[in-house]
Amino acid sequence: MEKYIKGRVWRFSENVDTDQIIPAIYLVTGDRQELAKHAFENVRPDFAKDVSDGDIIVAGPNFGSGSSREHAPRALLGAGIKCVIAPSFARIFYRNSINIGLPLVECDVDAADGDILAIDFGDGKIVNTNTSAGYTFPSLPDFLVDLLDVGLIENTKRKLKGK
Amino acid sequence: MTIAEKILAAHAGKESVSPKEIVDAKIDYVMVNDVTGLPAFEVFEEFDTTPILEKSVLIQDHYVPNKDVASAEQAKSMREFAKRYGIPNHFDVGRGGVCHQIMIEEGFAAPGRLIVGADSHTCSYGALGALSTGIGSSEAAAVMATGELWFKVPETQKFVVDGELGKYVMGKDIILHIIGDIGVSGSLYKSMEFYGYAIESLHLSDRITISNMAIEAGAKCGIIPPDEAIFDYLKNRVIGEYSPVYADEDAEYKNTFEYDASKIVPVVATPHLPENVTPASEINVQIDQAYLGSCTNGRIEDLRVAAAVLKGAGKSVHPDVRMIVVPASRSVFEQAMREGLIGIFMDADAYVAGPTCGACLGGYMGVLAEGERCVSSTNRNFIGRMGHPNSEVYLANPAVVAASAITGRITDPTDLLEG
Ligand code: SF4
């Protein structure tokens, strides 16, 4: 995982559920790129069109609630999203994201659409370069940092080898 | 320790665990459905191993019978996966139904078990005293391969519902009332435990409704201590042995919530969150569709309640309303036929179909057009959940769904039948 990223903000409010991230009618493929074409289609039709590689999502509490569909973080990765920042996440979405390599940051950040954020995962710092406001966040437990780095698939392979 | 803590400790081979601790636990069963299965199978192939046959359960329910070529391909991938590895527990069209109902009916769910499923409403089996919770597809694949998964031990919240429930008030109203109180993130990362006379007096079906919707408060699981009602249900049904788990006297709860069941009325959750809870008698909303079904309220007990309302009113479904009835499983359907309920629904102009998730997730067989409103016995009323982003879903119990189908507007059955 990259230790330092800088990206443009897409701002969302609270309780963004996975039906909003990827509507159920598109759950007929697991392909990231295919799913990304319909990300946020019902609530923000401009997203899929205008999102670019390296962008960041900043949202309110309880991001990723609802359905367990892993298609949601897959769609975001497919769209080029490099990190999601929210004060809290729904637990299945959290697990899914870490497992497939989408970093999440639990932090209440004030940012508007189009602001540029700089995130330092090593030091646990975020700076909004438009407002100069700074934020800190607790680093992930080592166990999760490993998982994020290695990925669930590789991690499971290692586990199976050790058996 | 609380029930969740004890189940996790037992499955992690530990004397005790405490909240926030991360443990590796052995899993009793892992379930995937046709939507979450395909991505899981793709991941599984990377492992170069074989699935643990007796622990893996595959259920076709979301888009079956197939709605289009893409969903047909998806269902086919499950069939092929089951065949390739010889997985005995594969429930295909005509032999099963909605995944959570099947996990319970077929005896996979039982007290004290640790069960995961690639579907968020896997928490339903808490009604039988299991710790069950939703996970993603990749994790499901990993569990099929290793039989283990990591967990963060959740804090537990205690919900005590005492007193008598009124007429036409169901498990659905209890859980919606609680979510209305604590909010859709009121139990985020936590285990909910339910106690009190009103809970003990519920039949299993209504308890399942409560555990089913724990996820709508953000919870990891929603557990009800198992009693005779559960042990009776499991006789001649459960696979293997099980051992019930109860909380210690000195178990530590993050907080305790108390409710008086006699004050709970038939409610609806208005769009677009399950926490928007209002008494059904207090809103005036016209509807286009009434949906009775799903893992939340598609059981025989639910169908009986709705049929009794239709019969009691002696009227058909309102001419401007489509009522759709989808029994949650083949065996619910058969039982409803034996009891003459299907006839009652059809006589009242309701459309009855075989088990599928279909309309519940806005998939097919009952999708809403722009501006349409549906009163639904399901569990989610998110934006676009049952169709067009500008359609609306009102969550309610089966009695409210049936009463509303007759009047064409959201209706408290008391007002219809006893007003
Ligand atoms: S019935 Fe609805 S909530 Fe239940 S598993 Fe199917 S789609 Fe999910």
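Just so it is clear, the structure is predicted and the values come from calculations on it, not from any experiment. (Residues numbered from 1 in each chain as written. Chains lettered and ligands numbered in written order. Predicted model: local features only at pLDDT ≥ 70, side-chain atom pairs only at ≥ 80, totals over all residues. Heavy atoms only, no water.)

## Regarding the overall build of chain A
Heads up, the rule is: Helix and strand definitions here come from DSSP, where helices need a minimum of 4 consecutive H or I residues and strands a minimum of 2 consecutive E residues; each element is numbered from the N-terminal end. Radius of gyration here uses only the C-alpha atoms, and the compact-globule reference equals 2.2 Å multiplied by the residue count raised to the power 0.38. Only protein chains enter the accessibility calculation, which uses a 1.4 Å probe; a residue is then buried when its area is under 20% of its type maximum, exposed when over 50%, and partly exposed in between. Note on contacts: a residue pair is in contact if any heavy atoms of the two residues lie within 4.5 Å. Using a 1.4 Å probe, accessible areas were evaluated by the Shrake-Rupley method; residue-level cover was limited to the displayed protein chains. When charges are tallied, Lys and Arg are placed among the positive residues and Asp and Glu among the negative ones, while His and the ends of the chain are skipped. Charged side chains are reduced to one point each, which is NZ for Lys, CZ for Arg, CG for Asp and CD for Glu.
The number of helices and strands found in chain A is seven helices and seven strands. Put simply, chain A runs from its N terminus to its C terminus through helices and strands in the order β-α-α-α-β-α-β-α-β-β-β-β-α-α. Its C-alpha atoms give chain A a radius of gyration of 15 Å, within 12% of the compact-globule value 15 Å for 163 residues. Overall, the C-alpha framework of chain A stretches about 50 × 40 × 25 Å when taken along its three principal axes. Within the span of chain A, comprising 163 residues, buried residues form 56% of the whole. When contacts within chain A are restricted to residue pairs at least 6 apart in sequence, those whose partners lie at least 24 apart make up 68%. Working note: accessible area of chain A is about 6,400 Å², and carbon and sulfur atoms make up 49% of it. Each charge sign in chain A was given a centre, from 19 positive and 23 negative side chains, and these centres are 7 Å apart.

## Observations regarding the nonpolar core
What counts here: Nonpolar core, defined: a set of buried Ala, Val, Leu, Ile, Met, Phe, Trp, Tyr and Cys residues in which side-chain atoms within 4.5 Å join the residues together. Domains are outlined according to an automatic or database domain assignment.
Within the largest apolar cluster, 43 residues are counted, with the highest numbers of intra-cluster contacts made by Phe40(A), Phe47(A), Ile57(A), Phe63(A), Leu76(A) and Val84(A). Taken together, domain 1 (3–259) and domain 2 (268–417) of chain B each give at least three residues to this core, which thus spans both. For Phe40(A), the contacting residues outside a window of four places in its chain are Phe12(A), Val16(A), Gln20(A), Ile21(A), Pro45(A), Phe47(A), Ile57(A), Phe63(A) and Leu76(A).

## With respect to the pattern of salt bridges
The criterion, for reference: Each salt bridge in this description consists of a side-chain nitrogen of Lys or Arg and a carboxyl oxygen of Asp or Glu lying within 4 Å of one another.
All told, the structure shown has 29 salt bridges over all chains when counted by the stated rule. Taking the shortest distance from any N to any O, the salt bridge between Arg8(A) and Asp55(A) comes out at 2.7 Å. Of the two residues, Arg8(A) sits in strand β1 (residues 4–11) while Asp55(A) sits in the loop between α3 (46–50) and β2 (56–58), which places them 47 residues apart along the sequence. Owing to a relative accessible area of 3%, Asp55(A) belongs among the buried residues under this scheme. Between Lys67(B) and Asp68(B) there is a salt bridge, with the nearest N and O atoms lying 3.7 Å from each other. Judged by relative accessible area, which is 28%, Lys67(B) ranks as partly exposed.

## Some details on the pairing of strand β14 (residues 289–293) of chain B
Each regular strand carries side chains that alternate between the two faces of the sheet. Residue and element names in this part refer to chain B. Condition: Criterion used throughout: strands pair if DSSP finds at least two bridges between them.
Among the five residues of β14, five are classified as buried, and the element is accordingly described as predominantly covered. By the alternation rule, side chains of β14 split into Gln289, Tyr291 and Gly293 and Ala290 and Leu292, which are all buried. With three bridges joining them, β14 and strand β17 (residues 373–376) adopt parallel strand pairing. Each bridged residue has a counterpart across the sheet, and for alanine 290 the counterpart in β17 is valine 375.

## Observations regarding the domain arrangement of chain B
Residue and element names in this part refer to chain B. We apply this condition: Defined here as a combined quantity, buried area equals the accessible surface (1.4 Å probe) lost by two parts on assembly, summed across both. By the criterion applied in these results, polar contacts are pairs of N or O atoms within 3.5 Å in which, for protein atoms, one can donate a hydrogen and the other can accept it, and in which residues neighboring in sequence qualify only through two side-chain atoms. Amino acids outside the nonpolar list (Ala, Val, Leu, Ile, Met, Phe, Trp, Tyr, Cys, Pro) and the charged list (Asp, Glu, Lys, Arg) are all regarded as polar, and Gly is one of them.
Here the domain parsing of chain B yields domain 1 (3–259) and domain 2 (268–417). Relative to domain 2, the C-alpha centre of domain 1 lies at a distance of 24 Å. Summed over both partners, the interface of domain 1 with domain 2 buries about 2,900 Å², with 60% contributed by carbon and sulfur atoms. On the surface where domain 1 and domain 2 come into contact, there are one salt bridge. Viewed at the interface, domain 2 and domain 1 are joined by 27 residue pairs in polar contact (both at pLDDT 80 or more). Counting residues per element, the ones that place at least two in the side of domain 1 that touches domain 2 are α4 (99–105), α6 (171–182) and α8 (204–212). In terms of residue class, the side of domain 1 that touches domain 2 is built from 14 nonpolar, 14 polar and eight charged.

## Brief notes about the site of the ligand
Residue and element names in this part refer to chain B. Short version of the rule: In this text, near means that some heavy atom of the residue lies within 4 Å of the molecule or strand in question.
The full set of residues close to the ligand is His62, Val98, His100, Asp119, His121, Ser294, Cys295, Cys357, Cys360, Leu361, Asn379 and Arg385. A class-by-class count of the residues in the shell around the ligand yields five nonpolar, five polar and two charged. Each of domain 1 (3–259) and domain 2 (268–417) gives at least three residues to the shell around the ligand.

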